[in-house]
Each structure stands twice: as C-alpha cells, then as structure tokens.
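Architecture and fold: a report
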Amino acid sequence: MRKVLILVFLLFLSSISLGQSILINGAGATFPYPLYSRWFYEFEKETGIKINYQSVGSGAGIQQIKARTVDFGATDAPLSGKDQEESGLIMIPTVIGAVVMIYNLPNINNLVLTRDLIADIYLGKVKNWNDLKIKAVNKDLNLPNMPIIVARRSDGSGTTAVFTNFLSAVSSEWKEKVGAGTSVNWPVGIGGKGNEGVAGVVKNTIGTIGYVELAYAKQNNLPYAKIRNKFGNVVDATFETIKSSAAFFKIPDDFAVYIVDAPGRNSYPITGYTFLLIPKEQKDLEKGKALVKFVRWAYEKGDKYAEELLYVPLPDNVKKLALKKLDLLTYQGKKIVDLLK
C-alpha cells in the first residue's frame, strides 16, 4: 500500500511539473540565429523555459506572427509604426549586427571594395574579378581573370532588406531600378535560402561573392571584404566599427530605422538592428510572462554572448525605450508586467 501511495505521489508531482513547463515558439530572421540559439539555450538552463525557434527568414517570420501561428516573430527588416499598430504588434530591438561581403577567390584574403563597386557588381555592370575598377583599389592583389558569380537570397530576408537599403543609399541607379525590401527583382545572381544558404553557395563555388551576417562568415571560415566607407576610409567589420555606425542614427519611438551608410571615420557601412515582434494582446498568460522574462534576461545577461559572436549590444538608452514597450503587452486587459509583480 505504501509503495502504491508513493507511486501516486510521484505521478502527481510529475503531472505538476509537466503542467508548469512552458514552450515558446518563434520564427523568422536568420541574421541573429547564431546568437538566438545561444541565448535560448542559456535562458532555458536558467529558467526552464524552452524557446523553439525556426530560422526561416524575416519575410516568413513576419507572415507567421501576423497570422499568429507562432508566439513571436523575428525580423531585421523593421515594420513601420503603422504596420506594427495595424498588426497588433510591438517591435523590440535585440542587438546590432553587420552584413559582410564574403567571397571565394583562392589565395586572395585582403580584398577591398568600394560602396559603388558593390552596387555595380550586383547591378551586373562589373562582371569580372580583374575589372579595372576592382584592380584600382586592390593594386597589390593578383586578381584572377574570372567571371564574378553573384550570390544572393532566394527567400524573404531581413538581411536582404538591410543590404538593399545600403545599395539604395549609395547608388541612385540601384534605388531607381531595383529598390529595397525583403525581396527584390535581382538583376543578376544565384539564390540561396537563408544566410546559411548564401554562405554555402559561396563556400562551394569559386569566383562567387555574397552577403551574409558577420557570424556566418566567421563560422564558415570565409574571407570577407573590407569596405571603403562614406568618409573615404577602408574599414573592416569589427565590434568597434559596427558600434560606431549605429551611434550616428537617432532611434525613433517605433524603432523603424535602417542604419546603413553611416558617416564617420570609423563606421562600417552595412549594419542593422534585428527585432522581435510580439503580439500586444497575449492569449496565454504564462507565455506572455515568459516573453517578458526573456526580453529582460537578454538585456541583463545576453550582452556577453552577443559580443562573443560579434553582435553589438544595444545602448542603455535603447534598452530603456524597448523595456517601456513591454508595458503594452496585455492579458485580458491587464498589463503582463503588472501580473509579474
């Protein structure tokens, strides 16, 4: 009898434990995926709250959160304040990252590109690696007589939105003929799905150039070009140059801003914020609480992991603005942050 009672008690405790487990589902941007993977792992270790994240691209993430098939979306392409309001969402920035130009040229490790050159390559106007325009800024390199194979995203992508906003900022021709967005009608190139897809195309194809978030270049041991910035200096994508770029832009209350082609001596020109999209009205109180806890945890304890992966943590003033946005999350008319107290 005693064994039976013990067994029943253990089953009861097990049912309580299972009932208290929380699973959050999210989907979206591949740009921050290396960092989010680490964050979600560390957050679960500390809190027991599991976050399942599908790295499917910003376009898909936006669609899924608007359809409410996930608990949060993730995007590097900021939604306008109007779109946020109409969709019943808040948009919370998480970190700042850089888009780099990776390439596959044997024995070439110190390539330099100008802003105009990048646009002309993606317009299909500069077609060969030993083009005089490339040689003019790489006089010490023995560039091959080889066609340039352009790699770009095939899916709806926040990385593409950042990159094409940069191209639109530096090239009036690109702005007029192609424009900016998560998906565009590319003049040239072969597609890869996700940052990982573009990295794979470049890694496996000699003569290619592509754009990816910095962590993907590091993880795949791919060289990436230094870029001559708006000031005229040749800069690498580093923690300092990404941070310098972001400092030149005022952050609006709705966070809808692109931070590309920054002025400044030390600014890397292709940078962007990445964001979480969270429904204002939460249908599940415990999930709502868990999302608030995660944002607070990321701001308080996530910076060291961001820096390890060469993402730049948000400035304190931006975090403060973002934390105020959490006041807009409600459950049955009550603020989630009040229900956490």
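Just so it is clear, the model here is predicted, and its values are computed rather than measured.

Each value, and the rule that gives it
- Within any chain, residue numbers begin from 1 and follow the written order of that chain's sequence.
- Selection of residues for local features in this predicted model requires a pLDDT of at least 70, selection of side-chain atom pairs for listing and counting requires 80 or more, and totals for whole chains, interfaces and linings are taken over all residues.
- Calculated side-chain values reflect all of the structure's heavy atoms, with hydrogen atoms and water omitted.
- Starting at the N terminus, helices and strands are each numbered in turn, a helix being any DSSP run of H or I of at least four residues and a strand any DSSP run of E of at least two.
- Any two of the Phe, Tyr and Trp rings considered here, Trp counted by its six-membered ring, make a pair once their centres fall within 6.5 Å; the pair's planes then place it as stacked at under 30 degrees, edge-to-face at over 60, or tilted in between.
- Think of it in three bands: with a 1.4 Å probe and only protein chains considered, a residue is buried below 20% of the maximum accessible area for its type, exposed above 50%, and partly exposed in between.
- Put simply, buried Ala, Val, Leu, Ile, Met, Phe, Trp, Tyr and Cys residues joined by side-chain atoms within 4.5 Å make one nonpolar core.
- We call two residues in contact when some of their heavy atoms are within 4.5 Å.
- The rule for a salt bridge is simple: a side-chain nitrogen of Lys or Arg has to be within 4 Å of a carboxyl oxygen of Asp or Glu.
- Nitrogen and oxygen atoms within 3.5 Å of one another constitute a polar contact, given that in protein one can donate a hydrogen and the other can accept it, and given that sequence-neighbouring residues count only through two side-chain atoms.

Mapped onto the secondary structure, G200 falls in helix α9 (residues 194–204). Linking G200 and E240, residues 40 residues apart in sequence, is a C-alpha distance of 27 Å.

Time to look at the packing of aromatic side chains. One pass over the full model with this rule turns up 22 aromatic pairs. Each ring, one from Y122 and one from Y211, has its centre 6.1 Å from the other, and the planes form 65 degrees; the classification is edge-to-face. Note that Y122 is positioned in helix α5 (residues 115–123) and Y211 in strand β8 (residues 208–213), a separation of 89 residues in sequence. Note on Y122: relative accessible area 0%, which makes it buried.

Now for the nonpolar core. Of all hydrophobic cores here, the largest spans 109 residues; its most connected members are W39, M101, Y122 and F163. If near-sequence neighbours (up to four positions away) are discounted, W39 is found in contact with T94, V95, F294, W297, A298, G302, Y305 and A306.

A few words on the pattern of salt bridges. Under the defined criterion, the tally for this structure stands at 15 salt bridges. The salt bridge involving E42 is made with R38; its shortest N-O contact spans 3.0 Å. Taken as a pair, E42 and R38 lie in helix α2 (residues 33–47) at a separation of 4 residues, close to a single helical turn. Here K125 makes a salt bridge to D120, at a shortest N to O gap of 3.9 Å.

Before going further, it helps to spend a moment on the side chain of S58. Summarising the element assignment, S58 is placed in helix α3 (residues 58–66). A polar side-chain atom of S58 sits 3.2 Å from the main-chain amide nitrogen of G158. In this structure, S58 is in contact with G28, A29, A74, T75, D76, A77, G156, S157 and G158, ignoring residues within four places of it in sequence.

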